[in-house]
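Notes for the structure review
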Amino acid sequence: MSSETLDAGMTPRKLKVATVSLAGCFGCHMSFLDIDERILPLLERVEFDRSPITDIKHCGPCDIGLIEGGVCNAENVHVLREFRANCKVLIALGACAVNGGLPAQRNHLELADILQQVYRTGHGLAEGSQIPNDPELPLPLNQVHAVHEVVRIDYFLPGCPPSGDAIWAFLTQLIKGRAPTLGHGLLQYD
Ligand code: SF4
């Protein structure tokens, strides 16, 4: 873990928090919502920038960035770099961000073979199915990467997903200006 902290305890302004799901399933975001009614005291200390809650499309200058999911395509790389450029503290949230997680299971296969199987030769496909090639679609990477392989990450919060209690403990310590530590029972790797 990094020693990066936020000197927020004496700061009257609310801290800005941005969250995003890259190659993830939104399970880590759902776990964030498991903090339940604690979202109310949290909202007294933070306001959300880009996140599924606000639907803001680009991350502006923020204190904390939470990244769910690994990096599987060119758009993920772009979004992750935007978060790194704008967030003072960047957190890899959950197994997919920490080490690629489930999406990285494709890493031992050839990307071309996967696309061929999924869109051309797999069962149940309509006749004449083609591999999507619209230029608007982000180009897939050959491998799924953990976020720290692309940008510098300040903290890693493992788990699939990390529990709401772990996310709460992590964020509240960070907001108080401390380097977060999670005790036994909150840190998990499954
Ligand atoms: S770590 Fe688990 S819950 Fe979080 S995005 Fe990955 S698969 Fe989903």
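Here's a quick rundown of the structure. (Residues numbered from 1 in each chain as written. Predicted model: local features only at pLDDT ≥ 70, side-chain atom pairs only at ≥ 80, totals over all residues. Heavy atoms only, no water.)

Let's talk about the packing of aromatic side chains
Within this structure, the stated rule accounts for two aromatic pairs. Relative to phenylalanine 170, the ring of tyrosine 155 has its centre 5.8 Å away and its plane inclined at 85°; by these criteria the two rings are edge-to-face. Of this pair, tyrosine 155 sits in strand 7 (residues 155-157) while phenylalanine 170 sits in helix 6 (residues 164-175), and the two are 15 residues apart along the sequence. Taking relative accessible area as the criterion, tyrosine 155 reaches 0% and is therefore assigned buried. (Phe/Tyr/Trp six-rings, centres within 6.5 Å; stacked < 30°, edge-to-face > 60°. Helix = DSSP H or I, 4+ residues; strand = E, 2+ residues; numbered from the N terminus. Buried < 20%, exposed > 50% of the residue type's maximum accessible area, 1.4 Å probe, protein only.)

Some thoughts on the site of the ligand
Close contacts around the ligand come from Gly24, Cys25, Gly27, Cys28, Glu68, Gly94, Ala95, Cys96, Gly159, Cys160 and Pro161, and that covers them all. Residue assignment for the shell around the ligand shows that the elements contributing at least two residues are helix 1 (27-33) and helix 4 (95-99). (Near = heavy atom within 4 Å.)

Concerning the pattern of salt bridges
The final tally for this structure, using the stated rule, is seven salt bridges. Lysine 16 is the partner of aspartate 49 in a salt bridge, and the nearest nitrogen-oxygen pair spans 3.8 Å. Note that aspartate 49 is positioned in the loop between strand 2 (46-48) and strand 3 (62-68) and lysine 16 in strand 1 (residues 15-21), a separation of 33 residues in sequence. Exposure remark for lysine 16: the relative accessible area of 28% places this residue in the partly exposed category. Ionic pairing is found between aspartate 154 and arginine 152, a salt bridge with its closest N-O pair at 2.7 Å. Overall, aspartate 154 belongs to the buried group, its relative accessible area being 2%. Shared partners join several salt bridges into a network, and the residues in it are Arg13, Asp63 and Lys88. (Salt bridge = Lys/Arg side-chain N within 4 Å of Asp/Glu carboxyl O.)

A word on the environment of cysteine 87
For cysteine 87, the position within the fold is in strand 5 (residues 87-93). A C-alpha to C-alpha distance of 5.6 Å links cysteine 87 and isoleucine 64, two positions 23 residues apart in sequence. For cysteine 87, the residues in contact, after removing those within four places along its chain, are Cys59, Cys62, Asp63, Ile64 and Gly65. (Contact = heavy atoms within 4.5 Å.)

Some points on the nonpolar core
Counting residues in each nonpolar core, the largest one holds 23 residues, and the members touching the most others are Phe32, Val46, Ile64, Ile91 and Leu157. The set of elements that each furnish at least two residues to this core consists of strand 1, helix 1, strand 2, strand 3, strand 5, strand 7 and helix 6. Per-element tally for this core: the top contributor is helix 6, with seven residues. With sequence-adjacent residues up to four places away left out, leucine 157 is seen in contact with Ile91, Ala92, Leu93, Gly94, Val98, Pro162, Ala166, Ile167, Phe170 and Leu182. Phe83, Cys87, Val98 and Val147 belong to the second-largest nonpolar core, a separate cluster that totals 19 residues. (Core = buried A, V, L, I, M, F, W, Y, C linked by side-chain atoms within 4.5 Å.)

A word on helix 3 (residues 74-86)
Over its 13 residues, helix 3 runs 19 Å from end to end, which matches the ideal 18 Å to within 8%, given 1.5 Å per residue. If you check which residues of helix 3 are buried, you get Asn76, Val77, Val79, Leu80, Glu82, Phe83 and Arg84. The residue sitting at the N-terminus of helix 3 and contributing the capping side-chain oxygen is asparagine 73; that oxygen lies 3.1 Å from the backbone nitrogen of glutamate 75. (Expected span 1.5 Å × (residues − 1). Polar contact = N/O pair within 3.5 Å; in protein donor to acceptor, adjacent residues only side chain to side chain.)

What to know about the sheet that holds strand 1
Spatial strand order, 2-1-3-5-7: five strands in an open sheet with parallel pairing. Across the chains shown, the open sheet's two edge strands, defined by having one partner strand only, are strand 2 and strand 7. Strand after strand, the sheet turns through a mean of 25° between neighbouring axes, direction not considered. For strand 1 and strand 3, the ladder comprises five bridges, and the chain directions are parallel. Considered in strand 3, the bridge of serine 21 is made with glutamate 68. Here helix 3 sits on the sheet in contact with strand 1, strand 3 and strand 5, set at roughly 135° to strand 5. Docked against the sheet, helix 6 engages strand 1, strand 2, strand 3, strand 5 and strand 7, running at close to 160° with respect to strand 7. (Pairing = 2+ DSSP bridges. Axes fitted to C-alpha atoms, helices over the stretch in contact; angles between N-to-C directions.)

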